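Structural characterization, general
In case you want the letters, here they are:
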Amino acid sequence: MFTNLLAAAVLAFATSTHGALFTDPALLPPGKTYAYVIVGSGPGGSTVAARLSEDPTVNVLVIEAGPTGKDALEIEVPALAPSIQTGSPPLSPALLSGQKWMFWVRCPRDDYDKIANITGDDGWSWNFNVAILGKERLVSPIDGHDTTGQVDPAIHGTQGAINITVPNSRFPTDGPIINAAQEIGGDFQLIEDYNSGDPLGLGMRLRYAETWLQGANGNGIRNDAATAYLAPALSRPNLDVLVETQVTKVIQTGTNGSKPMFRGVEFAQSRLFTRGPAYACFAAARYVMNATEEVVLAAGSINTPQLLMLSGIGPSSQLSLLGIPTIVDLRDVGQHLADQPVITMTYNAKNRTDDVIANLARNETYLYESIHEWETRRRGVMTNAANNQLAFFRLPSNDSIFESP
């Protein structure tokens, strides 16, 4: 049941709004032109589509490789986020969109300011971006508990598109974890809100801080860019969304001086591989469409450079090996991918019944009772994200890992 689906295209409201949702490129309105064609409906694509379509005179088309994910419990139920996590880097933007665990985390103040210093652009600084980061909607947990000490409302927005909240349901392990942090103190000292810009503690002195997780969910339902931005925007007649369709390349449509312009896209109906979750369209009919203004690539960190290279934009030394004519020789395209590895260390609760996450995995009756509680009341452990606490760790400056090999 728990298959890899497209979390970033949960268009649960599409059938009741005015926007057009197409599942086949052959169904697109003949002769209709679009100012902007957006490739990918993840956090970038959905947000850009919503903002661009605010102008009623501009037609916007979003093309997404994956399905809608409508009525998929794996996407809507916060606690089921791990069920759509793949074990290896996915090869489809549809799957990249579906791997959000709802952790709502701002980077530290120092990270923003360091980028500003390197680039010489204060637009990257923390003080400049903090107002943008506050475009969220902090909502109360559905169990109505007092959130004092769990989140600082003063540094969060209440009118934004994305719902965020602290855990909706207490776990038996919450008390022991928080009590242990308070008892040990020092590097494990509690902080109120890791999104303040100083997640490691006062004056960045602490190397480790324990705090309550803030998740991108609200009212017991997982929230993402599609539900927050794209679905509401489908009430606009100037926004169309084409799902289950793979863009295969961008097409040069002219030049601007000596520089080539790419305002065309080639695309085809997606076909699901029989031996895996990725999408292909080798045998499908090809379609071509030109945007009158821009093509926006938002296909993710893997598929965007892949699409550029398939279009002849990239290092010519690699393109020539694949028989792809080079249009723009850019040696950095497809290079410098910085992975973010995760190492999981699992600890069991002393009392077996207190281990909520493990019990959901090993006790089928408990799992389906919890899902039923979510479906009927929007209550219980399934309304939480992957965990209730979050800690940030900084290695000491004299750690051996910083020594040159």
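Note that the coordinates shown come from a computational prediction; the quantities given were computed from them, not determined experimentally. (Residues numbered from 1 in each chain as written. Predicted model: local features only at pLDDT ≥ 70, side-chain atom pairs only at ≥ 80, totals over all residues. Heavy atoms only, no water.)

**Some remarks on the overall build of the protein**
Along its length, the protein carries eleven helices and 17 strands. Burial status across the protein gives 45% buried among its 405 residues. Looking at the protein alone, contacts between residues at least 24 apart form 67% of all its contacts between residues at least 6 apart. Total accessible area on the protein stands at roughly 21,400 Å², and carbon and sulfur atoms take up 54% of it. (Helix = DSSP H or I, 4+ residues; strand = E, 2+ residues; numbered from the N terminus. Buried < 20%, exposed > 50% of the residue type's maximum accessible area, 1.4 Å probe, protein only. Contact = heavy atoms within 4.5 Å. Areas by Shrake-Rupley, 256 points an atom, 1.4 Å probe, with all protein chains shown as cover.)

**Things to note about the side chain of D193**
Examined against the element boundaries, D193 turns out to sit in the loop between α6 (174–184) and β6 (208–212). At 2.9 Å, the side chain of D193 and the backbone nitrogen of D152 are in polar contact. Within polar-contact distance, the side chain of D193 engages the backbone nitrogen of N195 at 2.9 Å. Those residues in contact with D193 that lie beyond four places of it in its chain are V151, D152, I155, H156, T211 and Q214. (Polar contact = N/O pair within 3.5 Å; in protein donor to acceptor, adjacent residues only side chain to side chain.)

**Quick look at the packing of helix α1 (residues 43–52) against helix α7 (residues 225–233)**
At a minimum axis distance of 8 Å, the contact between α1 and α7 shows a crossing angle of 30°. Put simply, α1 runs roughly parallel to α7. Our pair here, α1 against α7, has a crossing hand that is left-handed. Of the residues in α7, those touching α1 at P43, S46, T47, A49 and A50 are A225, A226, Y229, L230 and A233. Residues of the contact of α1 with α7, tallied by class, amount to eight nonpolar, two polar and no charged. (Axes fitted to C-alpha atoms, helices over the stretch in contact; angles between N-to-C directions. Parallel < 35°, antiparallel > 145°, perpendicular 65-115°, else oblique. Left-handed = near helix turned anticlockwise from the far one by under 90°. Nonpolar A, V, L, I, M, F, W, Y, C, P; charged D, E, K, R; others polar.)

**Description of the sheet that holds strand β9 (residues 239–242)**
Ordered in space as β1-β9-β3-β2-β14-β11-β10, the seven strands form an open sheet in which the pairing is mixed. With partners counted over all chains shown, the strands left at the sheet margins are β1 (20–22) and β10 (245–256), one partner each. The mean inter-strand angle of the sheet, taken between neighbouring strand axes irrespective of direction, is 35°. Where strand β2 (residues 34–39) meets strand β3 (residues 60–63), four bridges bridge the pair, whose relative direction is parallel. Across the sheet, I38 pairs through a bridge with V62, a residue of β3. (Pairing = 2+ DSSP bridges.)

**Here we look at the nonpolar core**
In a soluble, globular protein the nonpolar side chains are often hidden away together inside. Counting residues in hydrophobic clusters, the biggest one holds 24 residues, and the most contacted among them are L28, I63, V265, F267 and M289. If near-sequence neighbours (up to four positions away) are discounted, V265 is found in contact with V37, V39, I63, V247, K249, V250, I251, Y287, V288, M289 and V295. Of all hydrophobic cores here, the second largest spans 16 residues; its members include Y36, L230, A233 and V243. (Core = buried A, V, L, I, M, F, W, Y, C linked by side-chain atoms within 4.5 Å.)

**Quick look at the pairing of β3**
Here β3 shows two buried faces, one formed by V60 and V62 and the other by L61 and I63. Handedness of the crossover joining β2 and β3 through α1 is recorded here as right-handed. Both β3 and β9 contribute to a ladder of four bridges, which runs parallel. Of the residues in β9, the one forming a bridge with V62 is V241. (Right-handed = clockwise from strand over helix to strand, strands pointing away.)

**Topic: the packing of aromatic side chains**
What the rule picks out here adds up to two aromatic pairs. Note on Y112 and W126: the rings are 5.8 Å apart at their centroids and 65° apart in plane angle, and the pair reads as edge-to-face. Of the two residues, Y112 is situated in helix α4 (residues 109–119) and W126 in helix α5 (residues 126–133); the sequence distance between them amounts to 14 residues. Both residues of the pair, Y112 and W126, belong to the buried class. Centroid distance F267 to Y287: 5.9 Å. Interplanar angle 15°. Geometry classified as stacked. A residue pair is termed long-range when its members are at least 10 positions apart, and F267 in strand β11 (residues 259–269) and Y287 in strand β14 (residues 286–297) qualify at 20 residues. Owing to a relative accessible area of 1%, F267 belongs among the buried residues under this scheme. Residue Y287 is classed as partly exposed on the basis of its relative accessible area of 27%. Over the aromatic face of W374 sits the side chain of R378, whose NZ or CZ is 3.7 Å from the ring centroid. (Phe/Tyr/Trp six-rings, centres within 6.5 Å; stacked < 30°, edge-to-face > 60°. Lys NZ or Arg CZ within 6 Å of the ring centre and 35° of its normal.)

**Concerning α6**
Counting along an α-helix, one turn takes 3.6 residues, and residues three or four places apart therefore face a common direction. Taken together, the buried positions of α6 are D174, I178 and A181. Each buried residue of α6 lies within a common arc of 60° when the element is viewed along its axis, so the set occupies one face. For α6, the exposed residues lying more than 90 degrees away from the buried face are P176, E183 and I184. One or two residues past the end of α6 sits G185, with phi positive at roughly 65°. (Arc of directions from axis to C-beta.)

**Quick word on the packing of α4 against α5**
Axis separation between α4 and α5 bottoms out at 9 Å; the angle between their running directions is 125°. One way to sum up the angle between α4 and α5 is to call them oblique. Where α4 abuts α5, its residues R109, Y112 and D113 lie against W126, N127, N129 and L133. Tallied by class, residues from the contact of α4 with α5 come to three nonpolar, two polar and two charged.

**Thoughts on the pattern of salt bridges**
Within the structure shown, the criterion is met by seven salt bridges. The partner of E54 in a salt bridge is R51, with the nearest N and O atoms 3.5 Å apart. Accessibility expressed as a relative area gives 47% for E54, which makes it partly exposed. Residues D198 and R109 are paired through a salt bridge, measuring 3.9 Å at the closest nitrogen-oxygen approach. Remark: R109 occurs in helix α4 and D198 occurs in the loop between α6 and β6; sequence separation between them is 89 residues. The exposure class assigned to D198 is partly exposed, which follows from its relative accessible area of 27%. With relative accessibility at 26%, the residue R109 sits in the partly exposed group. (Salt bridge = Lys/Arg side-chain N within 4 Å of Asp/Glu carboxyl O.)

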